[in-house]
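Listed below are the residues making up each chain.
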Amino acid sequence: MRIICIGAHPDDCEIGFGGCAAMLTEAGHAVKFLSVTNGDAGHHVLDREALAGIRSAEAQEAARRLAIAESEILGNHDGELLHTLELRQEIIRQIRAWGADVVLTPRPWDYHPDHRYTAQLVQDAAYLAIVPHICAGTPALARNPVFLYLEDSFQMPVPFAPDIAVDIEDAWDRKLDALEAHRSQFYEWLPWVEGSLEQVPEEGPRRRDWLGERIARELSPCTRAALARRYGRTRQVKHAESFQVCEYGRRPASGELDEIFPR
């Protein structure tokens, strides 16, 4: 399979899909991460030009740690993303050029406008990826991919409802490795935003443990239910990633999601 995860910022794919990406890569599938913005606004000290270079280097290091096939960052400014025809066409071309069988992206209900517009752009590409006269310079896909949403905790207008959940316990360390590569985000910017910068431990094992505790989310009841449907067990699962089918792409056949995601 060929899988592309499309996020708004250079760390979004790792957060929602890093564990499964590592597992899929290990199983021989080709995974690409695409960030629609360059993440150049997310810091309290660094200027935009310097930060864009740092975020790019961090994304490449995260991709190396996950061993995924490719990671790409588009040149759009962080916090300034708009839903435009030009960007819609770029997303269509990206999906086609990768020959995607599966596309993952955020849901369109989110606190960050970049996340919302990224989701809308991907939604709009979900059908047009197979229309030959759209973006005719890049051959249309013969078969529409399965489009999936990454998990979130937002409740309005409708809460996330996973169609599948994946136990990523065996890939948790690799996911955490990838997240640690985004130092400017997880050890600087986000703690500053949350007013907890002074709580970040010095370099060493305690710092990694601190990040793991912050990133590990308590499994929601709907995710636990999805894990039970798939594995028949949930009590011992501590780390999972779950996904919801986007109705605008190809509807997966019964059992197809179980075939897509590793156990």
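Here the residue index of a chain counts from 1 through its sequence in written order. Thresholds applied to this predicted model are a pLDDT of at least 70 for local features of residues and 80 or more for the giving and counting of side-chain atom pairs; totals over whole chains, interfaces and linings are not thresholded and use all residues. Where side-chain values are given, they derive from all heavy atoms of the structure, hydrogens and water being excluded.

### Examining the layout of surface pockets
Link 1 in the chain: As a volume, the largest pocket reaches approximately 1200 Å³.
Link 2 in the chain: Around the largest pocket sit 41 residues that line it, and Asp12, Ile15, Tyr111, His115 and Arg217 are the ones nearest its centre.
Link 3 in the chain: Contributions of two or more residues to the lining of the largest pocket are made by α1 (12-26), α5 (172-181), α6 (183-193), α7 (205-215) and β7 (240-245).
Link 4 in the chain: At 5 residues, the largest contribution of residues to the lining of the largest pocket is made by α6.
Link 5 in the chain: As a working rule, the residues Ala, Val, Leu, Ile, Met, Phe, Trp, Tyr, Cys and Pro are called nonpolar, Asp, Glu, Lys and Arg charged, and the rest polar, with Gly in that last group. By residue class, the composition of the lining of the largest pocket is 17 nonpolar, 10 polar and 14 charged. In this analysis, the protein atoms alone were mapped onto a 1 Å grid. Cavities are point sets where a 1.4 Å probe fits without being able to get out; pockets are open sets with protein on both sides within 12 Å along at least five of seven lines; lining residues have an atom within 4 Å of a point. Grid points are joined across faces, edges and corners, and a volume is the space filled by probe spheres set on the points. Helix numbering and strand numbering both begin at the N terminus, where a helix is a DSSP run of H or I of at least 4 residues and a strand a DSSP run of E of at least 2.

### Observations concerning the pairing of strand β6 (residues 164-167)
Link 1 in the chain: Burial classes: relative accessible area under 20% of the type maximum marks a residue as buried, over 50% as exposed, and values in between as partly exposed (1.4 Å probe, protein chains only). Going residue by residue along β6, you find Ile164 and Val166 tucked away on one face and Ala165 and Asp167 tucked away on the opposite face as well.
Link 2 in the chain: At least two DSSP bridges between two strands are required for those strands to pair. Pairing geometry for β6 and β7, over 4 bridges, is antiparallel. Note on β7: the bridge partner recorded for Ala165 is Ser242.

### Brief notes about empty space enclosed by the protein
Link 1 in the chain: Applying the stated criterion across every chain, the model contains 1 cavity of 30 Å³ or more.
Link 2 in the chain: Residue assignment for the lining of the largest cavity shows that the elements contributing at least two residues are α1, β2 (30-37) and β3 (70-76).
Link 3 in the chain: When grouped by side-chain class, the residues that make up the lining of the largest cavity number 6 nonpolar, 3 polar and 2 charged.

### As for the packing of helix α2 (residues 48-66) against α6
Link 1 in the chain: Put simply, α2 and α6 touch, their axes get as near as 9 Å, and they point 125° apart. On the basis of the axis angle, α2 is oblique to α6. Across the interface between the two elements, Leu51, Ile54, Arg55 and Glu58 from α2 touch Arg183, Ser184 and Gln185 from α6.
Link 2 in the chain: Counted by class, the contact of α2 with α6 contains 2 nonpolar, 2 polar and 3 charged residues. Axes here mean lines fitted to C-alpha atoms, for a helix over just the part in contact, with angles spanning 0 to 180 degrees between N-to-C directions. Any angle that is under 35 degrees is reported as roughly parallel, and any over 145 degrees as roughly antiparallel; angles of 65 to 115 degrees are reported as roughly perpendicular and all others as oblique. Two residues qualify as a contact provided that any one of their heavy atoms is within 4.5 Å of a heavy atom in the partner residue.

### Some remarks on the pairing of strand β4 (residues 102-105)
Link 1 in the chain: Side-chain alternation along β4 places Val102 and Leu104 on one buried face and Val103 and Thr105 on a second face that is also buried.
Link 2 in the chain: Here strand β1 (residues 2-7) pairs with β4 via 3 bridges, running parallel. Each bridged residue has a counterpart across the sheet, and for Ile4 the counterpart in β4 is Val103.
Link 3 in the chain: Note: β4 against strand β5 (residues 146-150), 4 bridges, orientation parallel. Bridging from a neighbouring strand, Val102 pairs with Val146 of β5.
Link 4 in the chain: Viewed with both strands pointing away, a crossover whose connecting path from the first strand over the helix to the second turns clockwise is right-handed. Once you follow β4 into helix α4 (residues 113-128) and on to β5, the crossover reads as right-handed.

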